Amino acid sequence: MENSSEFFEAYWPKMLEDMQAWMRIPSVSGEPEGPYPFGKACGEALDAALALGREMGFETENDDYTGGSILFPGTQAGEIGMFAHLDVVPAGEGWLQPPYSPSIRDGWLYGRGSADDKGPAVAALYAMYCLKQMGYVPRRTIRLYLGCSEEHGMRDIQAFLARHPAPDFSFTPDAAFSVCYSEKGIMEAEFAAPLPEGLAAFEAGAAVNAVAGSACAVLTRMGRPAPCPPQVSLSAEDGQLTVKAEGRSAHAAFPEGSDNAAAKLAAYLCRSKLLSEPACDVLAWIGEDLSDPYGEALGTAFESAQLGKLTSVAGTTRTRDGKLIQTLNIRYPAEADSQQIAQQLRQRAQQRGWTLTALRDDPPFYISPEHPIVCELDRICRARIGDSVAPYSMGGGTYARHLPNAVGYGPAIRGLKKPGPDGHGGGHQPDECISLKQLEDAFFIYVQALQAVDALLDRPKGE
């Protein structure tokens, strides 16, 4: 191959086939199964990815199925990293087509993992393959890491760093263009409360890091409930009353326009006159304090001029062993005080009859937007896409926060309208999709970016 355009024309159909093949594997990270620490489906996804890497003539590594790498060996010490993931969030409800039967329509690739993160991972792999086919010999080894638990605590990247030194510079194709130079801190909290009298079950949400798009409660009491608001429905059977609510899901980092079904359901139950006052006091934690995505009612609101607002999303509600279990996902700017946030959570939960039972805090990361490599990555991106994109910070959490000298780098375009109804098309939403143009642009940008980083890392500091 003489150039990337010639390669793209020859391999684009195969690239799309490989994306869809990976997407057919329902690789939701979960509990161990045999040799697979995050479940058999994640292991199958990794096997498929590493097999494709070997088919292309690359070296591969399997870190006991926590994740693996496809390696393009360099001529000297050091590495350049691209960090993608193969696990996906649960499909959830509301899909207009099967989530694991990918399809291409009107210039968009549909299916779970299309945007987050299998489609971009394949684009990154083919960028490596393009360089190989063009005869490029990297100075530093290029490593495409493929994790199996990014959506479920990032234990995969922790296992990687326990085995391998971090690359000299890395980027993750799990963000948006141009360059993401800062990510908010991520705090995940779990709360428990005794299951209120009269409430047999309350289930909501598909993932901790997504706004609950649907919710369902089962009541043992029958009566004359208050009129249902829109998107709340009632049905009676066998002496029990089932109440369902529909909302609008969204990624916890980008909750704008979302509608939390759990909060909607809890708020209705509190005014339905079907539960006792003590029961309503418990549910008010969900229906009132956790109802807005910015922590205003909870008392944790914070806004940074540079890094934006704190976001606060009630992800899942479960009924377990006579208790209600509620999760909360908070993304906070670097200037916020995480200890103060945690203290406010404990106090507010206790006032509502809940107990904070678990807390995980993942600190924010920051790299200067004036860093020479950041500036070059931005230049490459704008040359392809235009000046509608620029370096930015975000609330999303990627592998970049666990790596020194790392950034998020595409392929999403912030503000791009997805096809379909509101609440559909996003990375954690039903009918997840990505435009073929985004994938094409990402391929060409990554081909240039890998060569540019390889060259810039050889420059003396300060040059």
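The structure under discussion appears in the preceding block.
These numbers were taken from a predicted model, which means no experiment stands behind them.

Here is what the cut-offs are and how they apply
- Residues numbered from 1 in each chain as written.
- Predicted model: local features only at pLDDT ≥ 70, side-chain atom pairs only at ≥ 80, totals over all residues.
- Heavy atoms only, no water.
- Helix = DSSP H or I, 4+ residues; strand = E, 2+ residues; numbered from the N terminus.
- Rg over C-alpha atoms; globule rule 2.2 N^0.38 Å.
- Buried < 20%, exposed > 50% of the residue type's maximum accessible area, 1.4 Å probe, protein only.
- Contact = heavy atoms within 4.5 Å.
- Axes fitted to C-alpha atoms, helices over the stretch in contact; angles between N-to-C directions.
- Parallel < 35°, antiparallel > 145°, perpendicular 65-115°, else oblique.
- Left-handed = near helix turned anticlockwise from the far one by under 90°.
- Nonpolar A, V, L, I, M, F, W, Y, C, P; charged D, E, K, R; others polar.
- Core = buried A, V, L, I, M, F, W, Y, C linked by side-chain atoms within 4.5 Å.
- Pairing = 2+ DSSP bridges.

Novice: Just checking my understanding: could you explain the overall build of the chain for this structure?
Specialist: On a plain count of helices and strands, the chain comes out with nine helices and 24 strands. For the chain, the C-alpha radius of gyration of 23 Å lies close to 23 Å, the compact-globule estimate for 463 residues. For the C-alpha atoms alone, the extent of the chain along its principal axes is close to 75 × 45 × 45 Å. Within the chain, buried positions represent 57% of all 463 residues. Sequence separation of at least 24 residues holds for 76% of the intrachain contacts in the chain that already meet a minimum separation of 6.

Novice: Any chance you could explain the packing of helix 3 (residues 118-133) against helix 9 (residues 436-456) here in plain terms?
Specialist: The description of two packed helices rests on the angle between their axes and on the distance between the axes. At their nearest, the axes of helix 3 and helix 9 sit 8 Å apart, and the two run at 45 degrees to each other. Regarding the angle of helix 3 to helix 9, the classification is oblique. Helix 3 and helix 9 meet at a crossing whose hand is right-handed. Two secondary-structure elements touch here, helix 3 through Gly-119, Pro-120, Ala-123, Ala-124, Tyr-126, Ala-127, Met-128, Cys-130 and Leu-131 and helix 9 through Leu-439, Phe-443, Tyr-446, Val-447, Leu-450 and Gln-451. Here the residues of the contact of helix 3 with helix 9 sort into 13 nonpolar, two polar and no charged.

Novice: In this structure, what is going on with the nonpolar core? I would like to understand it.
Specialist: Across soluble globular proteins, nonpolar side chains show a tendency to be buried alongside one another. Counting residues in each nonpolar core, the largest one holds 84 residues, and the members touching the most others are Tyr-409 and Phe-443. Judged by nonpolar contacts, the second largest core, of 45 residues, contains Ala-189, Ala-261, Ala-262 and Ala-279.

Novice: Would you mind showing me how to read the packing of helix 1 (residues 4-23) against helix 9 here?
Specialist: Contact geometry for helix 1 and helix 9: axes closest at 11 Å, N-to-C directions at 125 degrees. Of the possible angle classes, the one that applies to helix 1 and helix 9 is oblique. Helix 1 and helix 9 meet at a crossing whose hand is right-handed. In this structure, helix 1 contributes Ser-4, Ser-5, Phe-7, Phe-8, Trp-12, Met-15, Leu-16 and Met-19 to the contact, and helix 9 contributes Leu-436, Leu-439, Glu-440, Phe-443, Phe-444 and Val-447. Of the residues contributing to the contact of helix 1 with helix 9, the split by class is 11 nonpolar, two polar and one charged.

Novice: Quick question: what am I supposed to make of the sheet that holds strand 24 (residues 433-435) here?
Specialist: Strand pairing in a sheet takes place through backbone hydrogen bonds and is either antiparallel or parallel in direction. Taken together, three strands build an open sheet; the order of strands is 4-5-24 and the sheet is antiparallel. Strand pairing shows two members of the sheet lacking a second neighbour, strand 4 (103-105) and strand 24, which therefore form its edges. The average angle at which neighbouring strand axes cross in this sheet is 25 degrees, direction not considered. Of the pairings in the sheet, the one linking strand 5 (residues 108-110) to strand 24 comprises three bridges and is antiparallel in character. Bridge pairing links Leu-109 to Ile-434 in strand 24. Running at roughly 25 degrees to strand 5, helix 1 makes contact with strand 4 and strand 5 of the sheet.

Novice: Could you clarify how one ought to interpret the pairing of strand 12 (residues 214-219) in this entry?
Specialist: Within a regular beta strand, the side chains point alternately toward one face of the sheet and then the other, so they alternate between its two faces. In terms of burial, strand 12 is largely enclosed, as five of its six residues are buried. One ladder, built from five bridges, connects strand 11 (residues 199-204) with strand 12; its direction is antiparallel. The residue of strand 12 that forms the bridge with Phe-202 is Ala-217. In this structure, strand 12 lies alongside strand 14 (residues 240-246), joined through six bridges in antiparallel fashion. From the neighbouring strand, Ala-215 faces strand 14, where its bridge partner is Ala-245.

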